[in-house]
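# A structural walkthrough
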Amino acid sequence: MSTSAPKSHPLRCVARVTIQFITPFHVGTGEGGFGADALVVTDANDLPAIPGSSLAGALRAAFEKRYGESATQSIFGFQNGDEGCGSRLALSWACIHDQNGRPVEGLLARSCSESDEVLKNALTLRSRDHVRLSHRGAADTAGRAKFDEQHVCAGHRFTFELELV
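Residue positions are given per chain, counting from 1 as you read along its sequence in written order. Confidence filtering applies because this is a predicted model: local features only for residues at pLDDT of at least 70, side-chain atom pairs given and counted only at 80 or more, and all residues used for totals across whole chains, interfaces and linings. Only hydrogens and water are set aside when side-chain values are computed; all heavy atoms of the structure are taken into account.

Here the focus is unusual backbone geometry. Non-glycine residue D46 carries a positive phi angle of around 65 degrees. Helix and strand definitions follow DSSP, with helices as H or I runs of at least four residues and strands as E runs of at least two, each counted in order from the N terminus. Take D46: it is sitting in the loop between β1 (13-20) and β2 (49-50).

The subject of this paragraph is the nonpolar core. The nonpolar side chains of soluble globular proteins are, as a tendency, buried together. By nonpolar core is meant a set of buried Ala, Val, Leu, Ile, Met, Phe, Trp, Tyr and Cys residues that side-chain atoms within 4.5 Å join together. Relative accessibility thresholds used throughout: buried, under 20% of the residue-type maximum; exposed, over 50%; partly exposed, between the two (1.4 Å probe, protein chains only). I50 and I96 are the most contacted members of the largest nonpolar core, which totals 20 residues. When residues of this core are traced back to their parent elements, those giving at least two are α2 (69-76), β5 (89-91), β6 (94-96), α4 (117-123) and β9 (157-164). Note on contacts: a residue pair qualifies if any of its non-hydrogen atoms lie within 4.5 Å across the two residues. Excluding residues within four positions of it along the chain, I96 makes contact with L47, P48, R102, P103, V104, L119, A122, H156, R157 and F158.

Let us look at helix α1 (residues 52-67). Helix span is expected to be 1.5 Å times the residue number reduced by one. The terminal C-alpha atoms of α1 lie 21 Å apart, and with 16 residues this matches the ideal 22 Å at 1.5 Å per residue to within 8%. Immediately downstream of α1, the backbone of G68 shows phi near 95 degrees, a positive value.

On to the environment of V41. Among the structural elements, V41 can be located in the loop between β1 and β2. When the C-alpha positions of V41 and V27 are compared, they lie 6.1 Å apart, and in sequence the two are 14 residues distant.

Rendered as structure tokens:
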């Protein structure tokens, strides 16, 4: 018979979060392509998606503004030279919702996304014209002053999961 203490299991808190955008938004790939200089991140179905790392960055900034650097580092982790610790928070990618309000997870037949009015709208990304400004607030004529950026229309919903250990 063993007299060793039982192994402890960390407490895990899991939340499933749904967000809805009230304005058009852009989560970019960092690359340009046909029709736009800045493309939106998409999933395997070519539908807009939001990477967990983008969500984590936005949450970290908001959390640090409210609770300070020490509390932020204890949740989101940090690296300072040889010292550091990993994040206790894991986030999934955010999946867009279909016309029935369900997150689209996994592969869809193209006919399914084209017959769903919400997904059909999401497959047609719009582009916005922008002008790069100089430090003086005027159009930057030295570089590429005009550029196009894809965006996802307002009103789309996305669901993601958070897990805090």
